[in-house]
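Analysis of the macromolecular model
Chain residues, written in single-letter form:
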Amino acid sequence: MSNAIPAGYKPQTSETLSGYLAKKLPPELNLGGMPEQWQVTEVGDGNLNMVFVVSGSAKTIIVKQALPWLRAGGEGWPLSLTRAGFEYNVLCHEAQFAGHNLVPEVYFYDQEMAVFAMEYLTPHVILRKELIAGKKFPNLARDVGTFIARTLFHTSDIGMPAEEKKALTAEFSLNHELCKITEDLIFTEPYYPAERNDWTSPQLDADMEKVWHDKEMIQVAMRYKFKFMTEAQALLHGDLHSGSIMVTESDTKVIDPEFGFMGPMAFDIGNYIGNLLLSFFSRPGWDATAEACEEYQHWLIDQMEETWAVFVTHFRQLWNEKTQGEAWPSEIYQHYLGHDAREEAQSQFFATLFEDTLVNAGMEMNRRIIGFAGVADFKLINDADLRAQCERRALAMARELIVNARLFGSMSSVGQFAKTR
Ligand code: SR1
Ligand code: MG
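Below or above, wherever it landed, is the structure these notes cover. All of these numbers come straight from a predicted model, not from anything done at the bench. (Residues numbered from 1 in each chain as written. Chains lettered and ligands numbered in written order. Predicted model: local features only at pLDDT ≥ 70, side-chain atom pairs only at ≥ 80, totals over all residues. Heavy atoms only, no water.)

Notes on the sheet that holds strand β10 (residues 245–247)
Filter applied, for reference: A pair of strands is treated as paired once DSSP finds two or more bridges between them. Put simply, DSSP H or I for four residues or longer makes a helix, DSSP E for two residues or longer makes a strand, and each gets a number counted from the N terminus. The contact rule is simple, with two residues in contact once any of their heavy atoms fall within 4.5 Å. Only the stretch in contact is used when fitting a helix axis, every axis being a line fitted to C-alpha atoms; angles between N-to-C directions are given from 0 to 180 degrees.
Here we have three strands laid out as an open sheet, ordered β8-β10-β11, and antiparallel in their pairing. The open sheet has two free edges, formed respectively by β8 (125–126) and β11 (252–254), since each of these has just one partner strand. For β10 and β11, the ladder comprises three bridges, and the chain directions are antiparallel. The residue bridging Met246 from the neighbouring strand is Lys253, located in β11. Seen against the sheet, helix α4 (residues 140–154) touches β10 and β11 and runs at an angle of roughly 30 degrees to β11.

Quick look at the structure:
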């Protein structure tokens, strides 16, 4: 994919989109009625792209278009249009491995216009909004645990033949511009007084100085930056936070994988766990009583434990039954060393992954409090003193996860520790 802006590219608006779609929509995608009558509304509230809801008399779809710059940064932050193609391709791969129960359907991709269309999810709501509202979802941990197990397993050297896996690595190495955003915003800028950082000031000014002089934490953070840049373990979603998940009472869909690339599995899992912990520490800003706060925090800790447990069980089962990869080869483990040796190898694998997950969770927490891209869980707490108190506890937790990840033996011990912050 070339980085140049194609000659026919034009940023679409609510006024122009119907005319464009009338010529481009595949014939089987019949929205119903005349294009002039379609309702088009721009609904994007993310940092990167334009998102339109397009409704005809028969069907509603979502149309996403990449701009030649980052939406949240404006024209001064250029970004190539190829991200629309990467997002479309990741959605296709994810659907292949995790199914349309967990991933929305995509309809078409137009490289020239950096546009793709996908299923309109209704009555789904962004998980982060629902967490802020204190809602609970009985299937969430099962669904997210299953999604990460399937997508990570099937695109790894355990689940996928080496040749295919290397082809995926080559394909997504071209998504380097979005990787660079992550490298800068998560792994670099929070650890020095970077211009784009944005924390609750002046309340947390002294806390920031402590972070920037915390050699012990920064050395680990930089080691994990290197791991992020070099460990092509599996096809990651690349931005698996609670703003990239849509939910109803019983359904879960994972959206927005434009940051997808072949990277360390612990990054996706840590991102999600880190966002549950951000929600945990934000609760005093949202709950009316200490009891309500404690009760919801308890649910969030259960979510962390259950998501990890579902992930491990599902990934292990796939490893035992569906391995097509060449790491831990079947010739050795099935025929010679046997079941116990495979279990031992798996236990070592999950222990390393768990430690790396906790460090990545801590990195995600730090960057959402210190860096450019904050989260609504904290940002929307109006009382800045209360917000800063919540954030300070979260920073203490993040430091512990980064510096002492190996001391936590289980997700429940992480939960216990969070309760003492
Ligand atoms: C500049 S983009 C900022 C953040 O928004 C996305 O959702 C990713 O999380 C990225 O780091
Ligand atoms: Mg996003």
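Section: unusual backbone geometry
A cis amide bond links Thr122 with the next residue in sequence, Pro123, at an omega value of 10 degrees. Residue position: Pro123 is located in the loop between β7 (115–119) and β8. In the segment running from Ser201 into Pro202, the intervening peptide bond is cis, with an omega of 10 degrees. Turning to its location among the elements, Pro202 is positioned in the loop between α6 (176–185) and α7 (205–212). Even without glycine at this site, Ala114 takes up a positive phi of about 50 degrees. The residue Ala114 is located in the loop between β6 (106–110) and β7 in this model. At Asp256, a residue that is not glycine, the phi angle is positive and equals roughly 65 degrees. Within the element layout of this structure, Asp256 appears in the loop between β11 and β12 (261–263).

Notes on the environment of Leu204
Along the polypeptide, Leu204 turns up in the loop between α6 and α7. Leave out the neighbours within four places in its chain, and Leu204 touches Trp199, Ile369, Ala388, Glu391 and Arg392.

Concerning the site of ligand 1
Short version of the rule: Think of it this way: one heavy atom of a residue within 4 Å of a molecule or strand is enough to make that residue near it. Two N or O atoms form a polar contact when they lie within 3.5 Å of each other; inside protein one atom must be a possible hydrogen donor and the other a possible acceptor, and for residues adjacent in sequence the pair counts only when both atoms belong to side chains. Reported accessibility uses the Shrake-Rupley method at a 1.4 Å probe radius. Residues are deemed covered only where the shown protein chains occlude them. Buriedness of a pocket was judged along seven lines, with at least five required to meet protein on both sides within 12 Å; pockets are open sets of points on a 1 Å grid over the protein atoms alone, cavities are sets where a 1.4 Å probe fits but cannot get out, and lining residues have an atom within 4 Å of a point. Cavities and pockets are treated as containing a molecule whenever more than half of the molecule's atoms lie within 2 Å of their grid points. Asp, Glu, Lys and Arg are counted as charged, while Ala, Val, Leu, Ile, Met, Phe, Trp, Tyr, Cys and Pro are counted as nonpolar; the rest, among them Gly, fall into the polar class.
The environment of ligand 1 is made up of Asn47, Leu48, Leu70, Trp77, Leu185, Asp239, His241, Phe259, Arg367, Arg368, Phe372 and Ala373. Interatomic distance of 2.6 Å between a side-chain N/O atom of Asp239 and an oxygen atom of ligand 1. Arg367 is positioned with one of its side-chain polar atoms (N or O) 2.8 Å from an oxygen atom of ligand 1. The fraction of the free accessible surface of ligand 1 (320 Å²) that becomes covered by protein chains is 94%. The cavity where ligand 1 resides is the largest pocket. Tallied by class, residues from the shell around ligand 1 come to seven nonpolar, two polar and three charged.

Side note on the nonpolar core
Condition: Take the buried residues of types Ala, Val, Leu, Ile, Met, Phe, Trp, Tyr and Cys, join any two whose side-chain atoms come within 4.5 Å, and each joined set is a nonpolar core. When a residue's accessible area, from a 1.4 Å probe over protein chains only, is under 20% of the maximum for its type it is buried; when over 50% it is exposed; and in between it is partly exposed.
Within the largest apolar cluster, 107 residues are counted, with the highest numbers of intra-cluster contacts made by Phe311, Phe315 and Val414. Once you skip the residues sitting within four places of it in the chain, Phe311 turns out to touch Gly145, Ile148, Ala149, Leu152, Ile269, Phe350 and Leu353. Listed in part, the 24 residues of the second largest apolar core include Leu21, Leu25, Val40 and Ile61.

Overview of the layout of surface pockets
Worth spelling out the cut-off: Grid points are joined across faces, edges and corners, and a volume is the space filled by probe spheres set on the points.
When its volume is computed, the largest pocket comes out at roughly 1200 Å³. Along the walls of the largest pocket sit 44 residues, with Asp45, Gly46, Ile126, Gly243 and Asp256 positioned nearest its centre. Elements with a contribution of two residues or more to the lining of the largest pocket: β2 (50–55), β3 (60–65), β7, α3 (127–132), α6, α9 (265–282), α12 (339–370) and α13 (376–379). In terms of residue class, the lining of the largest pocket is built from 22 nonpolar, 11 polar and 11 charged. The space that makes up the second largest pocket amounts to roughly 210 Å³. Around the second largest pocket sit Asp207, Lys210, Val211, Asp214, Met217, Asn366, Arg392, Leu395, Ala396 and Arg399, which together line it. Counting residues per element, the lining of the second largest pocket draws most heavily on helix α14 (residues 384–403), at four residues.

Everything listed here is a matter of coordinates, which is why it stays silent on function.
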